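Chain by chain, the residues run as shown.
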Amino acid sequence: MFPVDLHTHSKASDGALTPTDLVLKAINEGITHLALTDHDTILGLHEAFIAATGTNLTLIPGIEASCTWNHEQIHIVGLGIDLNSTKLQEFCSIHKVKREERASKIGYILSRIGFDNAYEEAKKRAGVGASITRGNYARLIFEMGGAVSVDDAFNKYLKRGKRAYVVTNWLSLQEVIDYINKAGGIAILAHPRRYTFTNRKLRKLLDEFKQSGGVGMEINGCQQRDCDRQYLNDLAKKYELYASLGSDFHADGAYRSLGGYPSLDDSLVKIWEHEKINPYFKNFS
Ligand code: AMP
Ligand code: MN
Ligand code: MN
Ligand code: MN
């Protein structure tokens, strides 16, 4: 267990907890530095900051931005973003429209195959104005008895090639990184080992990510396997990227616990050493 968690979700997207409950849970479980990184939205951060005020927890404003690269969907975590930035608000509005269109299409398909009012039901379960993701639908399908687990629901209906998969053109890698940088944040490649890319393709992505102004990559946690860690460590060093870590917590379960991973390897440059977010880690040793 490590006290820093830089990738988590709340009801503002596909997490099960309100921002307040997420912050309280993090405090309870010994987290000292938490980033809330909801999908394409900063909606939960205001509430999360209120919950963190006067506690020992330092909250770092974040977002998990969707992105289309090479016809594939990838995720870029932005940390230390300025919530008042008009560029950030512009980014969120663009992706909100894309998410709404996609969520209603997915909902329509699901309602035709027996999950009545899927779109309305998914919206009802999430926070007001939340980003609806495939994660929301996976949980809904499971709750409606259409799968034996959330994972099973995802694999049966929502992943590429399955009936309720809908292609979306998110903003490009360069556009997403520009938005994050202009919003005063830093861009971190989320869970590089979860894209099922070959090593060659992953290196191509890292090349372009770095050239586009990305500065970090997630190494520990985020459902990446321990056996991939050495390779990820090597890539971070090769591309001179800061190393980040997080749980990608969405809901209570057997895995994805907050801070549920070991510390980063000594040989890596840690993301909290980056000047843009180092101020959030003044009290961290
Ligand atoms: P989206 O951004 O709408 O494509 O949805 C991506 C989200 O789906 C992720 O953030 C996860 O919350 C969820 N997800 C991805 N893979 C799985 C899986 N195998 N099982 C359950 N949920 C998943
Ligand atoms: Mn998610
Ligand atoms: Mn992700
Ligand atoms: Mn995530």
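Residues numbered from 1 in each chain as written. Chains lettered and ligands numbered in written order. Predicted model: local features only at pLDDT ≥ 70, side-chain atom pairs only at ≥ 80, totals over all residues. Heavy atoms only, no water.

### Remarks on the overall build of the protein
Alright, step 1. Across its full length, the protein carries 9 helices and 7 strands.
Alright, step 2. Radius of gyration (C-alpha) of the protein: 18 Å, near the 19 Å computed for a compact globule of 285 residues.
Alright, step 3. Taking the principal axes of its C-alpha atoms as reference, the protein extends roughly 50 × 45 × 40 Å.
Alright, step 4. Across the 285 residues that make up the protein, the buried fraction comes to 53%.
Alright, step 5. Within the protein, contacts between residues separated by at least 24 positions form 73% of all contacts whose residues are at least 6 apart in sequence. (Helix = DSSP H or I, 4+ residues; strand = E, 2+ residues; numbered from the N terminus. Rg over C-alpha atoms; globule rule 2.2 N^0.38 Å. Buried < 20%, exposed > 50% of the residue type's maximum accessible area, 1.4 Å probe, protein only. Contact = heavy atoms within 4.5 Å.)

### With respect to the side chain of R229
Alright, step 1. Note on placement: R229 falls in helix α9 (residues 229-238).
Alright, step 2. On the basis of relative accessibility, which here comes to 18%, the residue R229 falls in the buried class.
Alright, step 3. Within polar-contact distance, the side chain of R229 engages the side chain of N220 at 3.1 Å.
Alright, step 4. Apart from residues no more than four positions distant in its own chain, R229 is found in contact with I219, N220 and P262. (Polar contact = N/O pair within 3.5 Å; in protein donor to acceptor, adjacent residues only side chain to side chain.)

### Quick word on the packing of aromatic side chains
Alright, step 1. In the structure shown here, the tally under the stated rule is 9 aromatic pairs.
Alright, step 2. Their ring planes at 45° and their centres at 5.7 Å tell us that W69 and F197 sit as a pair that is tilted. Of this pair, W69 sits in strand β3 (residues 58-69) while F197 sits in the loop between β5 (186-189) and α8 (199-211); the two residues are 128 residues apart in sequence, bridging distant segments of the chain. For the pair W69 and F197, a shared accessibility class is recorded, and that class is buried.
Alright, step 3. Aromatic ring contacts, followed pair by pair, group F2, W272, F281 and F284 into a single cluster.
Alright, step 4. For K201, the ring lying beneath its charged end belongs to F197, and the centroid distance is 4.8 Å. (Phe/Tyr/Trp six-rings, centres within 6.5 Å; stacked < 30°, edge-to-face > 60°. Lys NZ or Arg CZ within 6 Å of the ring centre and 35° of its normal.)

### Remarks on the side chain of D38
Alright, step 1. Within the element layout of this structure, D38 appears in the loop between β2 (33-36) and α2 (45-52).
Alright, step 2. The side chain of D38 sits in the buried core without any salt bridge; R139 is the nearest counter-charge, 9.2 Å away.
Alright, step 3. At a separation of 2.6 Å, a polar atom in the side chain of D38 contacts the side chain of S10. (Lys, Arg positive; Asp, Glu negative; His and termini not counted. Salt bridge = Lys/Arg side-chain N within 4 Å of Asp/Glu carboxyl O.)

### Focus: α9
In an α-helix, one turn spans 3.6 residues; hence positions three or four apart end up facing the same way.
Alright, step 1. Of all the residues in α9, the buried ones are R229, L232, N233, L235 and A236. Buried positions in α9, seen along its axis, are confined to an arc of 165° and lie on one side of it.
Alright, step 2. Elements in contact with the buried residues of α9: α8 and β6 (216-221). (Arc of directions from axis to C-beta.)

### Things to note about the coordination of the manganese ion (ligand 3)
Alright, step 1. Listed as protein donors to the manganese ion (ligand 3) are E64 (OE), H75 (ND1) and H191 (NE2); their distances from the metal cover 2.1 to 2.2 Å.
Alright, step 2. Mapped onto the sequence, the donors of the manganese ion (ligand 3) take the spacing E-x10-H-x115-H. (Donors = N, O, S within 2.8 Å, 3.2 Å for Na, K, Ca; no water.)

### What about the packing of helix α3 (residues 86-112) against helix α7 (residues 173-182)?
Alright, step 1. Where α3 meets α7, the closest approach of the two axes is 8 Å, and the angle between their N-to-C directions is 145°. Regarding α3 and α7, the two cross each other, and that crossing is left-handed. Here K87, E90, F91 and I94 of α3 lie close against α7, whose contacting residues are V176, Y179 and K182.
Alright, step 2. In terms of residue class, the contact of α3 with α7 is made up of 4 nonpolar, no polar and 3 charged. (Axes fitted to C-alpha atoms, helices over the stretch in contact; angles between N-to-C directions. Left-handed = near helix turned anticlockwise from the far one by under 90°. Nonpolar A, V, L, I, M, F, W, Y, C, P; charged D, E, K, R; others polar.)

### Quick look at the pairing of strand β7 (residues 242-246)
Alright, step 1. Most of β7 sits out of view: 4 of its 5 residues are buried.
Alright, step 2. Between the parallel pair β6 and β7, the chain is carried across by α9, and the sense of this crossover is right-handed. (Right-handed = clockwise from strand over helix to strand, strands pointing away.)

### Observations concerning the coordination of the manganese ion (ligand 2)
Alright, step 1. Protein coordination of the manganese ion (ligand 2) is provided by D14 (OD), D14 (OD), H39 (NE2) and H250 (NE2), with donor distances spanning 2.1 to 2.8 Å.
Alright, step 2. Angles of 51 to 160° at the metal separate the 6 donor atoms of the manganese ion (ligand 2), which places the site in the irregular class.
Alright, step 3. The sequence pattern formed by the donor residues of the manganese ion (ligand 2) is D-x24-H-x210-H.
Alright, step 4. Separating the manganese ion (ligand 2) from the manganese ion (ligand 3) is a gap of 5.7 Å. Remark: H250 occurs in the segment after β7 and H39 occurs in the loop between β2 and α2; sequence separation between them is 211 residues. (Tetrahedral: all angles 85-135°; square planar, octahedral: opposite > 155°, others 65-115°.)

Scope: geometric values only; no functional claims are made or implied.
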